[in-house]
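# Summary of structural features
Chain by chain, the residues run as shown.
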Amino acid sequence: MLRRRAQIGRVADLGQRIGYLVLAVAVVAFAIGLLTSFRIWGPVVGIALALCTVTLAPAIVLGYGVRAAERDERGG
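Now for a description of the structure that goes with this document. (Residues numbered from 1 in each chain as written. Predicted model: local features only at pLDDT ≥ 70, side-chain atom pairs only at ≥ 80, totals over all residues. Heavy atoms only, no water.)

## Remarks on helix 2 (residues 38-74)
- With 37 residues, helix 2 extends 51 Å from end C-alpha to end C-alpha; this agrees with the ideal 54 Å at 1.5 Å per step.
- Taken as a whole, helix 2 has its buried residues at Val45, Ala48, Cys52, Leu56, Ala59, Gly63 and Val66.
- Each element contacted by the buried residues of helix 2 is listed here: helix 1 (2-35).
- Two or three places before Arg39, at the start of helix 2, stands the capping residue Ser37, its side-chain oxygen 3.1 Å from that residue's backbone nitrogen.
- Following helix 2 by one or two positions, Gly75 has its phi on the positive side, about 90°. (Helix = DSSP H or I, 4+ residues; strand = E, 2+ residues; numbered from the N terminus. Expected span 1.5 Å × (residues − 1). Buried < 20%, exposed > 50% of the residue type's maximum accessible area, 1.4 Å probe, protein only. Contact = heavy atoms within 4.5 Å. Polar contact = N/O pair within 3.5 Å; in protein donor to acceptor, adjacent residues only side chain to side chain.)

## Section: helix 1
- Spanning 34 residues, helix 1 covers 50 Å between terminal C-alpha atoms, matching the ideal 50 Å at 1.5 Å per step.
- Tucked into the core, helix 1 has its buried residues touching helix 2.

## Observations regarding the pattern of salt bridges
- For the structure on display, the rule yields 1 salt bridge.
- For Glu73, the salt bridge is made with Arg5, and the minimal N-O distance between the two is 3.4 Å. Taken as a pair, Glu73 in helix 2 and Arg5 in helix 1 lie far apart in primary sequence, 68 residues in all.
- With a relative accessible area of 52%, Glu73 lands in the exposed category.
- Residue classification places Arg5 among the buried residues on the basis of a relative accessible area of 14%. (Salt bridge = Lys/Arg side-chain N within 4 Å of Asp/Glu carboxyl O.)

## So, the packing of aromatic side chains
- On inspection of all chains with the given rule, the structure shows 1 aromatic pair.
- With a centroid separation of 5.4 Å and an interplanar angle of 50°, the aromatic rings of Phe30 and Phe38 are classed as tilted.
- The partly exposed category is assigned to Phe30, whose relative accessible area is 41%.
- With relative accessibility at 37%, the residue Phe38 sits in the partly exposed group. (Phe/Tyr/Trp six-rings, centres within 6.5 Å; stacked < 30°, edge-to-face > 60°.)

So, in structure tokens, the structure goes:
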């Protein structure tokens, strides 16, 4: 059980790192689009936000679940 929880925790951490990285890409692409043209950078922003949603939301939920299970196990 502890091994499985640690594995899920690692997956959640990786998902959060990837999700926040893709979110940063979306923000940078949006800023570049403001300065140049959204014709090129608009799809980049859209795809990056979609990838962010797909990776970050489940990773955050899994991370909260792992932390809650650890807290419950400690009795807090």
